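Structural characterization, general
As a plain string of letters, each chain reads:
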Amino acid sequence: MNQVSDWGASELDQLRTLDEREQWALRMGGERKLQRRREAGILNARERIEHFVDPGSYIESGLLAVSSAVLADRDSTPADAKVAGFAKVGGRPVGVVANDFTVKGASSSLTNMKKIAHVKRVATDRGFPLVFFGESSGARMPDNMGARGMGTLLGNDPQQYVRQRETPWASAILGQCYGSSAWYSCLSDFTVMRKGSTLAVASPVLASLAIGQTVDSEDLGGWELHSRTTGLVDCVVETDEEAIALVQRFLSYLPSHNQEAPPCSEPLAPEEKYADLAAVVPDNRRRVYDVHKVIRGVVDAGSLLEFKPAFGRSLVTGLARIEGRTVGIVANNPMAKSGAMDVAACEKATRFVVLCDSFNIPLVLLVDTPGFVIGIEGERMKAPGKIMNFMTALQMCTVPKLSVIMRKSYGQAYLNMGGGRNSDEVAAWPIAEISFMDPDYAVRVVTWGRDADDGALQALREQMERDSNVWGLAEIYAAQSVIRPEDTRRYLAQMLGVHAMRRSHGVGQHRMASWPTTY
Amino acid sequence: MAKVELGSPVTGTVWKVERATGDSVGEGDVILILESMKMEIPLESSADGVIVELRVKPGEAVEEEQILCVLET
């Protein structure tokens, strides 16, 4: 039935026509394509929205929109391939855009770009998050082809890919994501990827044509690449449903927009198993441990949502709650590289600090690091620049920053992890050791080129170790408190209360709101 | 009964083996300790179970992600 071209039906039939047009749009790309997805266990665009939003809260924008650049496509472009609208999630408003891959591969066109722009503008102006369910083949062809096509479609919205972090953005990679769905994912504050999906500039077919080799989609932009090597995705899941649940969870930590404080939830005690932090962290300075246990011993049970767990693993970043209040955790993890921060860890930290500062989330830094990874590999990847990005981000921050030195804090990393005045409060555990360089190496540096016997070296090392203990830091008030490990949670909860931003109703200055989303 | 393989968290050498084949272990128990970059890195059990295979001896060099131990849970 030629639904869309059937314009100008009898005026008396307008209501019936509305009905028919709605039904036609809701059938998307047709039963055959929808059935194939069902068989593969993949949700379609409308089902994704349905799973995501509070029941009955969804109101669609542009249900009757169709292709407008190529009129011949009007009958084959229900909702013009991108389903968009407004809804509530957890009782709070959101804007949502779901790519309908069953309609022309959810390719970007003149009409659907207007739909995205509208929902984005409303979400920003009225102050609520924007969520993308990404699955698109890129720009629609032939619409975009030729000089006229380019002039008509692309570049007419000068704000299309500007990210100012006024409201939170989240994205789920749920299939092939090239072009705009890749771009929006990279601009988002949180990106979850379903295994089997691809995030890339262009499709494997195009890439193969361009370089004359067969390119595999997993190699080009699969979950392993993005979770381990690029860090472009925050979490990896097995199913659409899990991805959608994670986006809901991410939003639950954030305010609706940058001019309000994050929401509070019911306080929960931390996991009993890890409550004895002194037992989790060995005082043997050579023994490593998994800092996740410390975090779980400090935050409300089950509240840690870790970002990029397989990328820059020597640093853990994640949202969590302490006594029901959202915090951003930045913690060195000795289990990976002894906690020494590499380029990936710096990039991860920078992005996370910017996120927290942009949305009024206090930062908790848990410190146990021998420093930054040194050596040729890091230098080739611009390590000094990455370290300074991280440092600048921390110093630009206007949300409360609390730093707890658990064990080691050395050199420049002492500053990057909040040492000195780089956080609002510094607390240290009694086993903390603070210095410019690990005594093992420092002994050799200061005796370089001189004759020194083993006894003298040993004496020097012991002196340096004594000088590195926590009391020096406490005496000159560079640590405001020395706390027992088991008091860490209580200390943090109280200090978060002390440093609540009362004069601005919990709202920071967001000086990094327009910083890049990738480093 | 399911088999659980425990891979090395780092590239390094095996320093101490704390448990033996046939031992029952709980989640989080230390099975062996590796040494890498002057640090001691414990290999912890990821589940409750019985050690059915210990593939390395003290002094042996191991690669990151190499399977060192197999549990039956």
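Structure: see above.
Right, let's walk through the structure included here. On a predicted model such as this, the values are computed, not experimentally measured, just so you know.

Comments concerning the overall build of chain A
The secondary structure content of chain A amounts to 20 helices and 16 strands. Its C-alpha atoms give chain A a radius of gyration of 26 Å, within 12% of the compact-globule value 24 Å for 519 residues. Over its C-alpha atoms, taken along the principal directions, chain A stretches across nearly 100 × 55 × 40 Å. Counting over 519 residues, chain A shows a buried share of 55%. Counting contacts in chain A only where the partners sit at least 6 residues apart, residues at least 24 apart contribute 73% of the total. In the form shown here, chain A has an accessible surface area of approximately 22,800 Å², with 55% of it arising from carbon and sulfur atoms.

Focus on the interface of chain A and chain B
Taken together, the contact pairs 15 residues of chain A with 13 residues of chain B. Counting the surface lost from both chain A and chain B, the interface buries some 1,300 Å², and carbon and sulfur atoms represent 41% of this. Interface area lost by chain A to chain B is led by Arg286(A), Arg287(A) and Met335(A), which between them contribute 44%. Viewed at the interface, chain B and chain A are joined by six salt bridges. Taken together, the connections running from chain A to chain B amount to seven residue pairs in polar contact (both at pLDDT 80 or more). At the level of secondary structure, the elements contributing two or more residues to the side of chain A that touches chain B comprise β13 (401-410) and α17 (439-446) of chain A. For the side of chain A that touches chain B, a count of residues per class yields three nonpolar, two polar and ten charged.

Some points on unusual backbone geometry
Residue and element names in this part refer to chain A. The residue after Met-141, namely Pro-142, is reached through a cis peptide bond having omega 15 degrees. Phi is positive for Lys-308, which is not a glycine, with a value near 50 degrees. Residue placement: Lys-308 occurs in the loop between β9 (305-307) and β10 (315-322). The backbone of Ser-338 shows a phi angle near 55 degrees, a positive value even though the residue is not glycine. Inspection of the secondary structure assignment puts Ser-338 in the loop between β11 (325-332) and α13 (343-358).

What counts and how
Residues numbered from 1 in each chain as written. Chains lettered and ligands numbered in written order. Predicted model: local features only at pLDDT ≥ 70, side-chain atom pairs only at ≥ 80, totals over all residues. Heavy atoms only, no water. Helix = DSSP H or I, 4+ residues; strand = E, 2+ residues; numbered from the N terminus. Rg over C-alpha atoms; globule rule 2.2 N^0.38 Å. Buried < 20%, exposed > 50% of the residue type's maximum accessible area, 1.4 Å probe, protein only. Contact = heavy atoms within 4.5 Å. Areas by Shrake-Rupley, 256 points an atom, 1.4 Å probe, with all protein chains shown as cover. Buried area = accessible area lost by both parts, 1.4 Å probe. Salt bridge = Lys/Arg side-chain N within 4 Å of Asp/Glu carboxyl O. Polar contact = N/O pair within 3.5 Å; in protein donor to acceptor, adjacent residues only side chain to side chain. Nonpolar A, V, L, I, M, F, W, Y, C, P; charged D, E, K, R; others polar.

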